[in-house]
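Working through the structure, step by step
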Amino acid sequence: MAIVCKSAAEIEKMRQSGHIVRQVLDHLRTLVAPGMTTMDLERAAEKKMKELGAKPAFKGYFDYPCVLCTSINDEIVHGIPSEKRTLKSGDIVSIDCGVVLDGYYGDSAITVAVGDDVAPELRKLLDVTEASLYKGIQQVLIGNAVGDVGAAVQEYVEANGFSVVREFVGHGIGTKLHEEPQVPNYGSRGHGTRLREGMVIAIEPMVNFGKPETRVLDDKWTAVTADGSFSAHFEHCVAVTKNGPMVLTQ
Ligand code: CO
């Protein structure tokens, strides 16, 4: 499958689905508190999506069972919401949300500190991961390479003493959740696919406090750090335009 470039009208539709994702995540962020379960977040997300008139993008995708991915502490991505796990003060939780509206997808993730006891070095992990996403976004320029995005993320993360996950990557997005090209959070400047006007990519740095290696739990979904260190994840969908990067999920 080749890379699909979007028209201005299509990008406008993706901005609308992106805006719904943003509203869901903004709502969920206000709910996160010690004592709640990730299934509480799942139910709130499902309700909000319905109110806003969008369909969930993840539920049923390769048989994934939920509308959110909720990944706590050493979980990197693809944690499955559950009734069993209660959030406690000092935890960090990544909330990844995707919707489809009128055939066009939006996908975004945030990582939120739970309660007031989150350690300063973990606050730094969250801040560095979010800032690395914006370093990547700044490289979304016509004629730049996908490697410029990855290199910008990786350099910033490693300069701050953390590591980037290699086994999971960002992606093109449009009328499918995952389109070409793949968008790694590492790379070499000038290498990889060239960005052209109308391309839309989801950039999603996954940053580990310790070593970059990962493994997947027996549930076949939840990716965790091999060394048990905590991990953060932020994601935006970004269009390549003549006027520079256009973030669609805000
Ligand atoms: Co994504």
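Relevant structure appears above.
To keep things clear, this report deals only with the structure shown in the data block. Worth saying up front: this structure is predicted, and the values here are computed from it rather than measured. (Residues numbered from 1 in each chain as written. Predicted model: local features only at pLDDT ≥ 70, side-chain atom pairs only at ≥ 80, totals over all residues. Heavy atoms only, no water.)

Here the focus is the coordination of the cobalt ion. Bound to the cobalt ion on the protein side are Asp-107 (OD), His-171 (NE2), Glu-204 (OE) and Glu-235 (OE), at distances that span 2.1 to 2.3 Å. Each of the four donor atoms around the cobalt ion contributes to a set of angles spanning 83 to 169°, which defines the coordination as irregular. In the primary sequence, the donor residues of the cobalt ion line up as D-x63-H-x32-E-x30-E. With Asp-107 in strand 5 (residues 104-113) and His-171 in strand 7 (residues 170-172), this residue pair connects regions lying 64 residues apart in the sequence. (Donors = N, O, S within 2.8 Å, 3.2 Å for Na, K, Ca; no water. Tetrahedral: all angles 85-135°; square planar, octahedral: opposite > 155°, others 65-115°. Helix = DSSP H or I, 4+ residues; strand = E, 2+ residues; numbered from the N terminus.)

Bringing the sheet that holds strand 8 (residues 179-183) into the picture now. Strand order in the open sheet formed by five strands is 8-7-9-14-15, with antiparallel pairing between adjacent strands. The strands lining the two open edges of the sheet, one partner per strand, are strand 8 and strand 15 (244-247). The average undirected angle you get between the axes of adjacent strands in this sheet is 30°. Relative to strand 8, strand 7 is paired through three bridges, and the arrangement is antiparallel. When the bridges of strand 8 are listed, Gly-170 appears paired with Val-183. Where helix 3 (residues 120-137) meets the sheet, its contacts fall on strand 9 (200-203), strand 14 (236-241) and strand 15, and the angle it forms with strand 14 comes to roughly 15°. (Pairing = 2+ DSSP bridges. Axes fitted to C-alpha atoms, helices over the stretch in contact; angles between N-to-C directions. Contact = heavy atoms within 4.5 Å.)

Once that is clear, we can look at helix 4 (residues 146-159). Under the 1.5 Å per step criterion, the end-to-end length of helix 4 is 20 Å for 14 residues, consistent within 8% with the ideal 20 Å. Within helix 4, ten of the 14 residues are buried, which leaves it mostly tucked inside the rest of the structure. For helix 4, every residue scored as buried is listed here: Val-146, Gly-147, Asp-148, Val-149, Gly-150, Ala-151, Ala-152, Val-153, Gln-154 and Val-157. Buried residues along helix 4 sit against helix 3, strand 6 (163-164), strand 8, strand 9 and strand 10 (206-208). In the segment just after helix 4, Gly-161 is the residue with positive phi, at about 90°. (Expected span 1.5 Å × (residues − 1). Buried < 20%, exposed > 50% of the residue type's maximum accessible area, 1.4 Å probe, protein only.)

Reported here for the largest pocket is a volume of approximately 460 Å³. Taken together, 22 residues make up the lining of the largest pocket; nearest its centre are His-78, Val-169, His-171, His-178 and Glu-204. Elements supplying a minimum of two residues to the lining of the largest pocket: strand 7 and strand 8. Residue composition of the lining of the largest pocket, by class: eleven nonpolar, five polar and six charged. In this structure, the second largest pocket spans a volume of roughly 150 Å³. Forming the boundary of the second largest pocket are Ala-8, Ile-11, Glu-197, Gly-198, Val-240, Thr-241, Lys-242, Asn-243, Gly-244, Pro-245 and Met-246. Mapped onto the lining of the second largest pocket, the elements with two or more residues apiece are helix 1 (8-31), strand 14 and strand 15. Ranked by the residues each element gives to the lining of the second largest pocket, the list is headed by strand 15, at three residues. Its residues assigned to classes, the lining of the second largest pocket comprises five nonpolar, four polar and two charged. (1 Å grid on protein atoms, 1.4 Å probe; cavity = no way out; pocket = protein on both sides within 12 Å on 5 of 7 lines; lining within 4 Å. Points joined across faces, edges and corners; volume = space filled by probe spheres on them. Nonpolar A, V, L, I, M, F, W, Y, C, P; charged D, E, K, R; others polar.)

Attention now moves to unusual backbone geometry. With an omega of -5°, the peptide bond between Glu-180 and Pro-181 qualifies as cis. Along the chain, Pro-181 turns up in strand 8. We note that Phe-62 has phi near 50°; this positive angle belongs to a residue other than glycine. The residue Phe-62 is located in the loop between strand 1 (55-56) and strand 2 (68-72) in this model. Residue class for Phe-62 comes out exposed when judged on its relative accessible area of 67%. Phi angles above zero are rare outside glycine, and Lys-220 is one such case at about 70°. Note that Lys-220 resides in the loop between strand 11 (214-216) and strand 12 (223-225).

As a further point, take the environment of Lys-55. Assignment of secondary structure puts Lys-55 in strand 1. Lys-55 gets classed as exposed once you look at its relative accessible area, which sits at 57%. C-alpha of Lys-55 to C-alpha of Asp-102: the two residues are 47 residues apart in sequence and 9.2 Å apart in space.

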